[in-house]
Amino acid sequence: MTAPEENRVTANSGSVKLRHDMRALSSMIGDGKRILDIGCGEGVLLEHLVRDKAAVARGLELSQQLVNKAVARGLSVIQGNADTDLVYYPDQSFDYAILSQTLQATNNPRAVVAELLRIGRRAVVSFPNFGHWRVRLSLGLSGRMPVTKSLSYQWYETPNIHFCTIKDFFVLCRDMDVVIEQFAILDAQGKPRNPALANLLGHQAIFVLRNPRNS
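Residues numbered from 1 in each chain as written. Predicted model: local features only at pLDDT ≥ 70, side-chain atom pairs only at ≥ 80, totals over all residues. Heavy atoms only, no water.

## Describing the pattern of salt bridges
Then, in step 1: In total, this model carries ten salt bridges according to the counting rule given.
Then, in step 2: For Asp95, the salt bridge is made with Arg34, and the minimal N-O distance between the two is 3.1 Å. Here the residue Asp95 occupies a position in strand 4 (residues 94-100), and Arg34 occupies one in strand 1 (residues 34-38), the gap between them amounting to 61 residues.
Then, in step 3: Look at Asp95 and you get buried, because its relative accessible area is 15%. (Salt bridge = Lys/Arg side-chain N within 4 Å of Asp/Glu carboxyl O. Helix = DSSP H or I, 4+ residues; strand = E, 2+ residues; numbered from the N terminus. Buried < 20%, exposed > 50% of the residue type's maximum accessible area, 1.4 Å probe, protein only.)

Structural data, given as structure tokens:
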């Protein structure tokens, strides 16, 4: 639904190859959990969670073509829109509601995060950091919208409509009174970065969130 083409990966016949951010995200989730993956693409992360973490997993994906690929993997994935279809899921029906590399492509990110926290006991949100120093430098020097490895589309064809920085997301969580239980900042190679310089040096961020009104 959102990941740039070069970031998409497919499973080999015997194993599931994960992007760096998917691997880090998976490490934040325990075994045997009930999971809804929104914007799950062709189901690479879902397949890993089912196979290696014994998850009871479901997926929601905008692209029917990617839904078909996920179903061909033997996964339970349906076609749907994160902006409009999350309302049909019952409260607290999953342990984790995941939104991986999709937040920036939603029409109303705040409302989507609120829905994740209603559906899941925890929400896991990952996104590319538009505040990275290379993005800032590119925009400042060229005067044009940056094109990077994690933001690889030209401005006129990108599905990403709400770019945010890591600092923006911290502010959003504060304004929504959301508890940040865990977060990871990754560089371009998927290695952890110092949180003190996250907004400047982080390529991607992953947050585990909880509604303080939920147990």
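## Side note on the sheet that holds strand 7 (residues 204-210)
Then, in step 1: Spatial ordering of the open sheet is given by 3-2-1-4-5-7-6, a layout of seven strands whose pairing is mixed. Lying at the two open borders of the sheet, with one neighbouring strand each, are strand 3 (77-79) and strand 6 (179-186). Pairs of neighbouring strands in the sheet enclose a mean axial angle of 15°, with direction left out of account.
Then, in step 2: Note that strand 1 and strand 4 share four bridges and pair parallel. Paired with Ile35 across the strands is Tyr96, a residue of strand 4.
Then, in step 3: Sheet contacts for helix 1 (residues 20-27): strand 4, strand 5 (120-128), strand 6 and strand 7; angle to strand 7, the most-contacted strand, approximately 25°.
Then, in step 4: Along the sheet face, helix 6 (residues 166-175) touches strand 5, strand 6 and strand 7 and points at about 10° away from the line of strand 7. (Pairing = 2+ DSSP bridges. Axes fitted to C-alpha atoms, helices over the stretch in contact; angles between N-to-C directions. Contact = heavy atoms within 4.5 Å.)

## As for the packing of aromatic side chains
Then, in step 1: Applying the stated criterion across every chain yields a total of eight aromatic pairs.
Then, in step 2: Ring centres of Phe170 and Phe207 lie 5.1 Å apart, and the angle between their planes is 80°; on these two criteria the pair is classed as edge-to-face. Linking Phe170 in helix 6 with Phe207 in strand 7, this pair joins segments that are 37 residues apart in sequence.
Then, in step 3: Take Phe207: its relative accessible area is 0%, and that puts it in the buried class.
Then, in step 4: Ring pairing ties together the aromatic residues Phe127, Phe169, Phe170, Phe183 and Phe207, which thus form one cluster. (Phe/Tyr/Trp six-rings, centres within 6.5 Å; stacked < 30°, edge-to-face > 60°.)

## With respect to the nonpolar core
Then, in step 1: In terms of nonpolar packing, the biggest core is built from 30 residues, with Ile38, Leu86, Leu116, Phe127, Phe169 and Leu209 touching the most fellow members.
Then, in step 2: Elements supplying a minimum of two residues to this core: strand 1, strand 4, helix 4 (109-119), strand 5, helix 6 and strand 7.
Then, in step 3: In terms of residue count, helix 4 provides more of this core than any other element does, five residues in total.
Then, in step 4: When near neighbours in sequence (up to four residues on either side) are disregarded, Phe127 contacts Gln101, Leu103, Gln104, Cys164, Thr165, Ile166, Phe169, His203, Gln204, Ala205 and Phe207.
Then, in step 5: If you look at the next biggest cluster of nonpolar residues, it comprises 25 residues, including Ile35, Ala55, Ala57 and Tyr96. (Core = buried A, V, L, I, M, F, W, Y, C linked by side-chain atoms within 4.5 Å.)

## Quick notes on helix 2 (residues 44-53)
Since one α-helical turn is 3.6 residues long, residues separated by three or four positions face the same way.
Then, in step 1: In terms of burial, helix 2 is a largely internal element, seven of the ten residues being buried.
Then, in step 2: Of all the residues in helix 2, the buried ones are Val44, Leu45, Leu46, Glu47, His48, Leu49 and Lys53.
Then, in step 3: Downstream of helix 2 by a residue or two, Ala54 has a phi angle that is positive, lying close to 55°.

## Some details on a nonpolar patch on the surface
Then, in step 1: Taken together, the side chains of Trp133, Leu137, Leu141 and Leu200 make up a nonpolar region of the molecular surface, amounting to roughly 390 Å² of accessible area.
Then, in step 2: Here Leu137 is to be found in helix 5 (residues 133-142). (Patch = residues over 30% accessible without salt bridge, like charges linked within 9 Å, V, L, I, M, F, W, Y side chains within 5 Å. Areas by Shrake-Rupley, 256 points an atom, 1.4 Å probe, with all protein chains shown as cover.)

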